[in-house]
Amino acid sequence: MGDPTQPAHIVVHSPALDGSRRVTSGDAVLGLASHLDDVVEILRLADLDRIEVEESDLIEWQGGGPDEWPGLSEEHGRPPEGR
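Treat the numbers as computed from the prediction; the structure is a model and nothing was measured. Residue indices follow the written sequence of each chain, beginning from 1 at its first position. Local features in this predicted model are restricted to residues of pLDDT 70 or higher, and side-chain atom pairs are both shown and tallied only at a pLDDT of 80 or more, whereas totals for entire chains, interfaces and linings draw on every residue. With hydrogens and water set aside, each side-chain value is computed from the structure's full complement of heavy atoms.

Draft legend 1. Spatial organisation of the nonpolar core. Val 23, Val 39, Val 53, Ile 59 and Trp 61 are the most contacted members of the largest nonpolar core, which has 13 residues in total. Secondary structure elements with two or more residues in this core: strand S1 (10-12), helix H1 (36-45) and strand S4 (59-61). The criterion is simple. A nonpolar core is a set of buried Ala, Val, Leu, Ile, Met, Phe, Trp, Tyr and Cys residues joined through side-chain atoms within 4.5 Å. Throughout this description, buried means an accessible area under 20% of the type-specific maximum (1.4 Å probe, protein chains only), exposed means over 50%, and partly exposed covers the range between. Only DSSP runs of H or I reaching four residues or more are called helices, and only runs of E reaching two or more are called strands; each is numbered from the N terminus.

Draft legend 2. Focus on the sheet that holds S1. Spatially, S3-S2-S1-S4 is the arrangement adopted by the 4 strands of the open sheet, whose pairing is mixed. The open sheet has two edge strands with one neighbour each: strand S3 (28-33) and S4. Taking the axes of each pair of neighbouring strands and ignoring which way they run, one obtains an average angle of 20° across the sheet. Where S1 and strand S2 (residues 21-25) come together, 3 bridges link them in antiparallel fashion. Strands were regarded as paired on the criterion that DSSP finds at least two bridges between them. For helices, the fitted line uses only the C-alpha atoms of the stretch in contact; every axis is such a line through C-alpha atoms, and the angle between N-to-C directions lies from 0 to 180 degrees.

Draft legend 3. Just the side chain of His 35, in detail. For His 35, the location among the structural elements is in the loop between S3 and H1. Here His 35 falls in the buried class, since its relative accessible area comes to 1%. Each polar contact in these results corresponds to two N or O atoms within 3.5 Å; when the atoms are within protein, one needs to be able to donate a hydrogen and the other to accept it, and residues that are neighboring in sequence are counted only if both atoms are side-chain atoms. A polar contact of 3.0 Å, which involves the side chain of His 35, links it to the backbone nitrogen of Asp 37.

Structure, rendered in structure tokens:
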């Protein structure tokens, strides 16, 4: 297991074909996110909720930042852009 004195390094991986993004810490898969709110919840469940998701240096965003969610739809209560 990792050094408990070192902060967790979280990776939000590049979007899959459906737009979802895998969230990992080291070799552990923490969850699958379809929206930024999902990343926040995944980190909360992993007891990492003190991390500022959009601004933390502890999170590595691959394939786009926290605003990149291809396939994002009304699933999370947001209308498609342009409406």
